[in-house]
Amino acid sequence: MRALELPPRLRLIADWVPEGARLADVGTDHAYLPNWLRLHGRIRSAVASDLRPGPLERAKAAGRLYGTDGIDYRLCSGLSGVSPAEADTIVIAGMGGETILSILKAAPWTADGRHTLLLQPQTHEELVRRYLAESGFAISREALVQDRGTLYTVMEARAGRMELSLSRIWGGAELTHDPLADRYLIEKIIRTQTALAGAKRSARPADAAKAEELRDILTALLRAREEWRHANGCTN
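So, here's what we can say about the structure.

Criteria and thresholds
Residues numbered from 1 in each chain as written. Predicted model: local features only at pLDDT ≥ 70, side-chain atom pairs only at ≥ 80, totals over all residues. Heavy atoms only, no water. Phe/Tyr/Trp six-rings, centres within 6.5 Å; stacked < 30°, edge-to-face > 60°. Lys NZ or Arg CZ within 6 Å of the ring centre and 35° of its normal. Core = buried A, V, L, I, M, F, W, Y, C linked by side-chain atoms within 4.5 Å. Buried < 20%, exposed > 50% of the residue type's maximum accessible area, 1.4 Å probe, protein only. Helix = DSSP H or I, 4+ residues; strand = E, 2+ residues; numbered from the N terminus. Contact = heavy atoms within 4.5 Å. Pairing = 2+ DSSP bridges. Axes fitted to C-alpha atoms, helices over the stretch in contact; angles between N-to-C directions.

## Quick word on the packing of aromatic side chains
Scanning all chains against the criterion turns up 0 aromatic pairs. A cation over an aromatic ring shows up here: Arg-9 above the ring of Tyr-152, its NZ or CZ 5.7 Å from the ring centre.

## Overview of the nonpolar core
Leu-79, Ile-90, Ile-92, Leu-104, Leu-117, Leu-119 and Leu-132 are the most contacted members of the largest nonpolar core, which totals 46 residues. Looking at which element gives the most residues to this core, the answer is helix H8 (residues 205–231), with 7 residues. Dropping the residues within four chain positions of it, Leu-104 is found in contact with Ile-92, Thr-110, Leu-117, Leu-119, Tyr-131 and Leu-132. If you look at the next biggest cluster of nonpolar residues, it comprises 29 residues, including Ala-14, Ala-31, Tyr-73 and Val-154.

## Some thoughts on the environment of Arg-11
Mapping Arg-11 onto the fold places it in helix H1 (residues 8–16). Between the C-alpha atoms of Arg-11 and Leu-37, which are 26 residues apart in sequence, the distance is 9.9 Å. When sequence neighbours within four positions are dropped, the list of residues in contact with Arg-11 reads Leu-6 and Trp-36.

## As for H1
Residues Arg-9, Leu-10, Leu-12, Ile-13, Ala-14 and Trp-16 constitute the buried set of H1. Buried residues in H1 make contact with helix H2 (32–39), strand S4 (89–95), strand S5 (116–121), strand S6 (137–147) and strand S7 (150–159).

## Quick notes on the sheet that holds strand S2 (residues 43–50)
Across the sheet, which stays open at both edges, the 7 strands sit in the order S3-S2-S1-S4-S5-S7-S6 with mixed pairing between neighbours. The open sheet is flanked by strand S3 (71–75) and S6, the only strands paired with a single partner. With direction set aside, neighbouring strand axes in the sheet form an average angle of 15 degrees. As judged from the 6 bridges shared by S4 and S5, these two strands associate in the parallel manner. Residue pairing across strands places Met-95 opposite Pro-121, the latter belonging to S5. Contacts between H1 and the sheet are confined to S4, S5, S6 and S7, with S6 contributing the most and set at about 145 degrees to the helix.

## Re the environment of Ala-143
If you trace the backbone, Ala-143 turns up in strand S6. The class for Ala-143 is buried, based on a relative accessible area of 12%. For Ala-143 and Val-154, which are 11 residues apart along the polypeptide, the C-alpha to C-alpha distance reads 5.4 Å. Beyond its immediate chain neighbours, meaning those up to four positions away, Ala-143 contacts Leu-12, Trp-16, Tyr-152, Thr-153, Val-154, Leu-175 and Asp-178.

Dropping the structure here:
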């Protein structure tokens with residue numbers, strides 16, 4: 001049997017899971033993360049949940065394949081089938097930022113001070129950062145990881161207070177010294193410039209307001225990149 005290996009985006013999350021944690025892996029799919037953590041003796045227990053029966057059956061099959069114990073497989077939406085006492089570390093990865101927000105909004109107990117969130121939004125990271133700042137969380141660390149040519153953001157958040165400028169909402173709350181942040185920011189700057197050019201060409205009144213918003217975002221991203229360059233000694 002082949003050893004279980006995690007892709008880079010999941011391996012980064014695995015490295016951040018506290019030793020001896022009780023894990024909830026939301027949208028577990030194949031349950032590779034909880035299986036890997038149990039096989040390496042890193043966690044005490046895990047709840048692996050998924051919204052769809054197909055992925056959950058694949059998760060159970062992975063558990064049987066690797067002979068992993070201590071994982072409870074549950075069919076449920078988000079954290080609806082997980083009680084606050086069952087987990088102290090919650091992973092929500094591999095889904096869009098808007099979906100992550102809907103899961104967190106439906107489980108306000110995650111901000112009770114007893115839970116660590118490990119989030120990996122595939123889209124709309126800015127929405128996740130803003131929500132956390134406005135909902136009683138603080139991002140304690142954030143990192144970028146490259147997986148199959150794509151950059152992914154991983155955030156660790158706990159109950160706390162945090163104020164984020166527009167630059168940090170769009171450019172990263174804790175990415176000042178991340179070696180991949182320059183590429184991340186350039187990609188966002190290019191996408192924002194393209195969207196701004198399209199909004200400026202439009203004759204619709206709503207797009208005029210959108211263009212103004214995009215100008216503010218572009219200014220914030222350019223500021224974030226200058227701050228990154230200064231912090232990392234880039235003078236050219």
